[in-house]
Amino acid sequence: MKEVVIIGGGAAGLAAAIACYDAGLKDILVIERSQFLGGILNQCIHNGFGLHTFKEELTGPEYASRFIKEVERREIKALTSSMVIDLEPHRVTYVNSTEGVNTIETKAIILAMGCRERPRGALNIPGFRPAGIFSAGTAQRLMNIEGYLVGKRVVILGSGDIGLIMARRMTLEGAKVLAVAELMPYSGGLKRNIVQCLDDFNIPLLLSHTVVNIEGKERVEAVTIAKVDSSRKPIKGTEKRFECDTLLLSVGLLPENELSKKAGLTLSPVTGGPIVDNSFSAGDGIFACGNVLHVHDLVDYVSEEAALAGSQAAKYVKEGFKEKEYIKVSTGFGVRYTVPQYIQKGCEDVMLRFRVTDIFKGSSIVISSKGNVLKKIKRQVMSPGEMESVKLNFKADEDILVEVVNE
Ligand SMILES: Cc1cc2nc3c(=O)[nH]c(=O)nc-3n(C[C@H](O)[C@H](O)[C@H](O)COP(=O)(O)OP(=O)(O)OC[C@H]3O[C@@H](n4cnc5c(N)ncnc54)[C@H](O)[C@@H]3O)c2cc1C
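What counts and how
- Residues numbered from 1 in each chain as written.
- Predicted model: local features only at pLDDT ≥ 70, side-chain atom pairs only at ≥ 80, totals over all residues.
- Heavy atoms only, no water.
- Axes fitted to C-alpha atoms, helices over the stretch in contact; angles between N-to-C directions.
- Helix = DSSP H or I, 4+ residues; strand = E, 2+ residues; numbered from the N terminus.
- Left-handed = near helix turned anticlockwise from the far one by under 90°.
- Contact = heavy atoms within 4.5 Å.
- Nonpolar A, V, L, I, M, F, W, Y, C, P; charged D, E, K, R; others polar.
- Near = heavy atom within 4 Å.
- Polar contact = N/O pair within 3.5 Å; in protein donor to acceptor, adjacent residues only side chain to side chain.
- Pairing = 2+ DSSP bridges.
- Salt bridge = Lys/Arg side-chain N within 4 Å of Asp/Glu carboxyl O.
- Buried < 20%, exposed > 50% of the residue type's maximum accessible area, 1.4 Å probe, protein only.
- Phe/Tyr/Trp six-rings, centres within 6.5 Å; stacked < 30°, edge-to-face > 60°.
- Arc of directions from axis to C-beta.
- Core = buried A, V, L, I, M, F, W, Y, C linked by side-chain atoms within 4.5 Å.

An unreviewed UniProt entry annotates the protein chain as FAD-dependent oxidoreductase originating from Bullifex porci.

### Focus on the packing of helix H1 (residues 11-22) against helix H3 (residues 60-73)
Two numbers describe how H1 lies on H3: the axes approach to 9 Å, and their chain directions differ by 35°. H1 and H3 meet at a crossing whose hand is left-handed. Facing H1, whose interface residues are Leu 14, Ala 15 and Ile 18, H3 presents Ala 64, Phe 67, Ile 68, Glu 70 and Val 71. When grouped by side-chain class, the residues that make up the contact of H1 with H3 number seven nonpolar, no polar and one charged.

### Side note on the site of the ligand
The ligand sits among 32 residues. The nearest are Ala 12, Glu 32, Ile 40, Asn 291 and Val 299. The separation between an oxygen atom of the ligand and a polar side-chain atom of Glu 32 is 2.6 Å. Backbone polar atom of Ala 112 to an oxygen atom of the ligand: 3.5 Å apart, as the coordinates give it. Of all elements in the fold, only H1, strand S3 (47-49), strand S6 (83-88) and helix H8 (299-319) reach the threshold of two or more residues within the shell around the ligand. If you tally residues by element for the shell around the ligand, the top one is H8, at three residues.

### What about the sheet that holds strand S27 (residues 388-392)?
Strand order in the open sheet formed by three strands is S22-S24-S27, with antiparallel pairing between adjacent strands. The open sheet has two edge strands, strand S22 (335-339) and S27, and neither has a second partner. Each neighbouring strand pair of the sheet contributes to a mean axis angle of 30°, computed without reference to strand direction. Where S22 lies against strand S24 (residues 350-356), four bridges are found, and the strand directions are antiparallel. Bridge assignment links Thr 338 to a residue of S24, and that residue is Phe 354.

### Here's the deal with the pattern of salt bridges
Going through the model one piece at a time under the given rule, you end up with 19 salt bridges. Its salt-bridge partner being Glu 88, residue Arg 91 comes within 3.8 Å of it at the nearest N-O pair. Note that Arg 141 is salt-bridged to Glu 146, the shortest N-O span being 3.2 Å. Classification of Glu 146 as partly exposed rests on a relative accessible area of 39%.

### Focus on the packing of aromatic side chains
Enumeration over the complete set of coordinates arrives at six aromatic pairs. Consider the rings of Phe 54 and Tyr 63, whose centres lie 5.6 Å apart with planes at 70°: the pair is edge-to-face. On the accessibility criterion, Phe 54 (25% relative accessible area) is partly exposed. Each ring, one from Phe 54 and one from Phe 67, has its centre 6.0 Å from the other, and the planes form 65°; the classification is edge-to-face. Here Phe 54 is found in helix H2 (residues 51-54), whereas its partner Phe 67 is found in helix H3, with 13 residues between them in sequence. Residue classification places Phe 67 among the buried residues on the basis of a relative accessible area of 12%.

### Let's talk about helix H6 (residues 191-198)
Every buried residue belonging to H6 is among Asn 193, Ile 194, Cys 197 and Leu 198, and all of these are buried. The buried residues of H6 occupy an angular sector of 105° when the element is viewed end-on, so they sit on one face. Buried positions along H6 lie against helix H5 (161-172), strand S12 (176-182) and strand S13 (205-207).

### Re the nonpolar core
Core analysis: the largest hydrophobic core is formed by 62 residues, its most contacted members being Ile 6, Ile 7, Ile 110 and Leu 111. Setting aside residues no more than four positions away along its own chain, Ile 6 makes contact with Gly 13, Ala 16, Ala 17, Ile 28, Leu 29, Val 30, Ile 31, Ile 110 and Ala 112.

Put into structure tokens, the structure is as follows:
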């Protein structure tokens, strides 16, 4: 019987493993399906990682290597090239080429499987299915790890961070990025990425636009985009045709939760991740952190959250299950979701993370309970592309409501 099994060896899994060890657990196993630890960070060769954690601008692989070294220094066991295929509370089944299918028992499980890209199929773009259409993350992997230039004249649909980063990356490799089209009236990515990846390279960002046609049978030949109205329907007469050989899709990320479903966890319909309390427990000795819980903008927050999940999982292993009372965190105007969704009654200093539904300027985040305002924070700008964090520096005794108030 293991003390804790961590599924996924990306930023979240590594930080959780280190925290479990530092909290006194020694029989820890990290299971990672790819050949190397580090997760998505391995293909993010741009800088901008770790500003909060290390006060330095690291590349993704540099950031990951700092955590991998800490895992190795503690001699935490990591099984790479091994994929978890089934999950029940306290039982993990994985497969690899040396052991075949193996099931192990464990006192606790930490889910750290990250997320995957929303596929094109979900978007119903008319046209054939020619070569030259990639999700932005796949293109990033092909360029940065396999060494292929995936196209020379490129249109990008969606302005999530991966799309923005790829606009710059492809330009630096000699491709011409003609435009980034975004369905929403605001970008889904970080402001700093719009400035550094589009503005600095004169790449136009066309807000409230979508792809309405893809031409080409064997390979993409052209893409037509059009402006959309407030109900996101294309407006006739606004079409623009771009001759290109590549369309990159950066249209959102989905937490990787097939295993969470198998384990019978309740998933949030908004985040797509498990519903958790402030110890990141999803119930039955299963904890969750990182992008499998909710999609993060910055890796620093992933590491911070995962370290907390790891220390709480260790506490659970050492002390066993304890019945607790909870308060509920509800969302009001302007707030899409919060993590955690529940807080143990009487807890203090809980960090609440959430995303807003729209761009808000000069508005406040208000946290209240039964109409009494417990905390109010003024923000100059809030946007759905950036995660908000608020520390609840009061004792949580009653259900709370988090909302945006325009003033
Ligand atoms: C293109 C891009 C650019 C970014 N840029 C920045 C930036 O500039 N600055 C910044 O701070 N952050 C950035 N981020 C965000 C940050 O890097 C991520 O949020 C963070 O690395 C996610 O860590 P994770 O461990 O949750 O997920 P991942 O890194 O995805 O790790 C999950 C791991 O789980 C493994 N796994 C999944 N399923 C299984 C299974 N069944 N069995 C075994 N293993 C499994 C996967 O192989 C993977 O290694 C960027 C992200 C992307 C994608």
